[in-house]
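Given next are the chains, with one letter for each unit.
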Amino acid sequence: MAGIVTKRNHAGRAQSQRGTEESPWAKWTLISIAMAFCLVFLLLPLVNVFAQAFAKGWAHYGQALTHPDSWAAIKLTLLVAAISVPLNVLFGLAAAWAIAKFEFRGKSLLITLIDLPFSVSPVVAGLMFVVLFGLQGFFGEWLNDRDLRIIFAVPGITLATIFVTFPFVARELIPVMQATGTEQEQAALTLGANGWQTFWHVTLPSVKWGLIYGIILCNARAMGEFGAVSVVSGHITGQTDTMPLRVEKLYNEYQGPAAFAVASLLALLALVTLGIKTFLEWKQAREFGWAQQAPVPASERDTDFVTRENLG
Amino acid sequence: MSIELKHITKKFGEVTAVNRVSFTVNEGELVGLLGPSGGGKTTVLRMIAGLEMPTEGDVLIRGQRVNDVSVQQRNIGFVFQSYALFKTMNVFHNIAFGLKVKKWRKADILARVMELLELFGLGGLEKRYPHQLSGGQRQRVAIARALAPKPSVLLLDEPFGAVDAKIRQELREWLVTLHHELNVTTIFVTHDQEEAMEVSNRIVIFSRGNLEQIGAPREVYEQPSNEFVARFVGVMNVLETEVRGGVARANELEFPAHGQPDGARLRIGFRPYAVQVSPDLAMYPYRAVLRHTFFLGVLLRLEFELASGLIIRSRMTKEDYAQLGLADDREVSLQIRNFRVLAREGAELPPEQIAVKEAPPTLGEGI
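Numbering of residues starts from 1 in every chain and runs along the sequence as written. Going through the entries in the order they are written, you letter the chains from A and number the ligands from 1. In view of the model being predicted, local features appear only for residues whose pLDDT reaches at least 70, and side-chain atom pairs are presented and counted only at 80 or more, with totals across whole chains, interfaces and linings using the full set of residues.

All right, on to the overall build of chain B then. Elements are defined by DSSP. Helices are runs of H or I of four residues or more, strands are runs of E of two residues or more, and each kind is numbered from the N terminus. Helix and strand content of chain B: 9 helices and 21 strands. C-alpha extents for chain B along the principal axes are approximately 80 × 45 × 30 Å. Any two residues are considered in contact once their C-beta atoms, placed from the backbone, lie within 7 Å. Of the contacts made within chain B by residues no fewer than 6 positions apart, 62% connect residues no fewer than 24 positions apart.

Listed below in structure tokens is the structure:
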């Protein structure tokens, strides 16, 4: 998360270059090491995924994706993301609002709880739900009596995904909302706006970028989650396999090209996410960084206004 | 729009921010709430707006109790200290916001916003975002936005606190003119006594949650009801004296104290303008040396050191200063024309007393 914060500070980045002039030798050594690392550990594997996926040509690639079981996995992944992301947007907004705008007992506890999914291993998260809703679990009997299936079914996968992706939206929004404070909302109220108008016209636009950013990260994780989903899914081919699970299964069955075909879709999602993120950061910097580039023209300074007779 | 506060108390947990405060603001008045920070004046303003609920007491607007009326329905315009402009909206939409949520017709909104842009000298800036405006422009947008829905009362929290000192003075005059033009009941909060004195029809003085005095600027200055007000509004020399033989003494200074027993301790205060100075050393009873001259613009602030080392402060105009031929380290004679015996904080002050038998007209009087 720290990386995100510093990256956004464009003004700071420009200044830091001046203070840290190094010899060209040191500069290029460092740059080469960083580039080589990225190349070997990030770019090559990524290129390899696509190379392997297309190893047997376009037709085979298409077939691998449209195979009923793979197609089912794609649809399930989209469904789970479509449910869990909006819910986490809602929870994230509510939690961030509560933390940023109110003082209450147990606030630090709530902040810690929001971070819990980051610190708990996804496998443990999955197991928690099995312990709660599994056949031998806490609510298992009660659910079984009513013929409700959560574990080894879509609800379980969705719950596990929600748990794992919970912090993304809230974590992004809390600092933005804290920085904005409550005065703009109070101003809206004094101007006659009701709660909904205030939220829609004042609160939401001011946290827009943070929110979109959180949604993108949340979505990427929701579609890519493996550990927690693996525990609760049951791996029923064509029914409870999400894309990551499907990739693993195909790979274990020695269907390399098919595995890489599905994997390439996930990789593509990652690339699109990165692309949108970069675009948003650029756009945000442009929107809010404008003040530094375009100072108030000297001809419009306040003294002019006062000396002119404006009230006549 | 008349506003009345009746025995308003506000507690934040254990802390009493406002303690049984009552006052009335008449239709069309321009009233300043003055006091040191933490005095409770902003809390009072927020309770009038409905942004805070009084713990006890009633807020009345035009005789109607509005404790249970929501912020939205009180029809007030509120200007926040930090202006709280909507940073994601441009100037036009900031000013139009209150009209949009009140479902004005589009043509009416356009006309009203244009009228305000014109009135506030903001023409041509309607497409700017708040971060593209100067401090003074932001303030005017904030006031225009608050006035757009034609509120019956305008509330301003430290309106000039965030503006450059250089233009603050001019903006004060502008606020007075604006108030005169629009004639909307206006209440503003300030910790700057000069600002309050200059702008307000009447001043309400707060200290630690209590209302200390309410009155016209001149009234508050000339007849402070207690020591806090006397010392907070304007400058005052304060001396600790001891009574002996009906005379209160502090070093060589003597003040009549008839009827006070020997050994009684009196706190005595006098305004800088009560100090009369002459280059003629025989003119007045006390010898002093002018130690420092501070230039405040039209006025000069002077510090005299008496023979005993006691420092007293005075003020006079440049012209008087020149006429008396004063300069730093110049020896003069002086006297204190009138003074007050200061009671303990909160207690009523007795009226001002004449210290000298005959008080000739002085230079620099009324400053």
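Each helix and strand counted, chain A has 16 helices and 0 strands in total. Counting only residues that meet the buried cut, chain A has 31% of its 312 residues in that class. Expressed as a percentage of contacts within chain A between residues at least 6 apart in sequence, the contacts between residues at least 24 apart total 75%. Three exposure classes are used. Buried residues have 20 or more other C-beta atoms within 10 Å of their own C-beta, exposed residues have 12 or fewer, and partly exposed residues fall in between, all C-beta atoms being placed from the backbone.

An automatic or database domain assignment provides the domain bounds reported here. Here the domain parsing of chain B yields domain 1 (3-231) and domain 2 (235-354). Computed over C-alpha atoms, the centres of domain 1 of chain B and domain 2 of chain B are 38 Å apart.

A pair of strands is labelled paired if DSSP reports no fewer than 2 bridges between them. When strand β1 (residues 3-12) of chain B meets strand β2 (residues 15-25) of chain B, the two strands line up antiparallel, connected through 7 bridges. From the neighbouring strand, B:Phe12 faces β2(B), where its bridge partner is B:Val15.

Moving on: the interface of chain B and chain A. Counting residues at the interface gives 33 residues for chain B, matched by 27 residues for chain A. Secondary-structure elements contributing two or more residues to the side of chain B that touches chain A are β6 (76-79), α2 (91-101), α4 (135-147) and α5 (165-182) of chain B. Per-element accounting of the side of chain B that touches chain A gives the leading share, 7 residues, to α5(B). Classifying every residue of the side of chain B that touches chain A by side-chain character gives 17 nonpolar, 12 polar and 4 charged. Gly is put with the polar residues, along with every residue not named as nonpolar or charged; the nonpolar set is Ala, Val, Leu, Ile, Met, Phe, Trp, Tyr, Cys and Pro, and the charged set is Asp, Glu, Lys and Arg.

The next point concerns the environment of B:Pro217. All names here are of chain B. Here Pro217 is to be found in helix α7 (residues 217-222). Spatially, the C-alpha atom of Pro217 lies 9.5 Å from that of Val204, the residues being 13 residues apart in sequence. Apart from residues lying up to four places away in sequence, Pro217 is in contact with Met197, Ser200 and Ile203.

Residues and elements named next belong to chain A. With their axes 7 Å apart at the nearest point, helix α6 (residues 107-119) and helix α9 (residues 154-180) run at an angle of 130° to one another. With respect to α9, the element α6 is oriented oblique. Considering the relative orientation of α6 and α9, their crossing is left-handed. Taken together, the residues of α9 that come into contact with α6 (itself represented by Ile114, Asp115, Pro117 and Phe118) are Phe163, Val164, Phe166, Pro167, Ala170 and Arg171. Among the residues making up the contact of α6 with α9, the classes are represented as 8 nonpolar, no polar and 2 charged. In this description, a line fitted to the C-alpha atoms serves as the axis of each element, helices being fitted only across the stretch in contact, and the angle between N-to-C directions of two axes falls anywhere from 0 to 180 degrees. Each angle is binned into one of four classes, with values under 35 degrees roughly parallel, values over 145 roughly antiparallel, values of 65 to 115 roughly perpendicular, and all other values oblique. Put simply, a crossing is left-handed when the front helix is turned counterclockwise from the back one by less than a right angle, and right-handed when it is turned clockwise.

Take the pairing of strand β4 (residues 56-61) of chain B next. Residue and element names in this part refer to chain B. Relative to β4, β1 runs antiparallel, the two being bridged by 5 bridges. Bridged to Thr9 within β4 is Glu56. In terms of strand pairing, β4 meets strand β5 (residues 64-65) through 2 bridges, oriented antiparallel. Residue pairing across strands places Leu60 opposite Arg65, the latter belonging to β5. Linking β4 back to β5 in an antiparallel pair, the connection comprises 2 residues, with Arg62 at a positive phi of about 50°.

Moving on, we come to the sheet that holds β1(B). Reading across from one edge, β2-β1-β4-β5 (chain B) is the order of the 4 strands in this open sheet, with antiparallel pairing throughout. Every interior strand has two partners, whereas the edge strands, β2 and β5 of chain B, have only one.

Here the focus is the nonpolar core. The biggest cluster of nonpolar side chains holds 104 residues, and the ones touching the most others in it are B:Ile48, B:Leu155, B:Ile187 and B:Val204. Broken down by element, the residue count for this core peaks at 6 residues, all from α4(B). A domain split of this core shows at least three residues from each of domain 1 (3-231) and domain 2 (235-354) of chain B. In contact with B:Ile48, other than residues within four places in its own chain, are B:Ile3, B:Val59, B:Leu155 and B:Ile187. Membership of the second largest hydrophobic core comes to 54 residues, among which are A:Val80, A:Ala81, A:Phe163 and A:Val164. A set of buried residues drawn from Ala, Val, Leu, Ile, Met, Phe, Trp, Tyr and Cys, joined through C-beta atoms within 7 Å, is what defines a nonpolar core.

Attention shifts here to helix α14 (residues 243-252) of chain A. Buried within α14(A) we find A:Met243, A:Pro244, A:Leu245, A:Arg246, A:Val247 and A:Leu250. Backbone geometry just downstream of α14(A) places A:Tyr254 in the positive-phi region, at approximately 60°.

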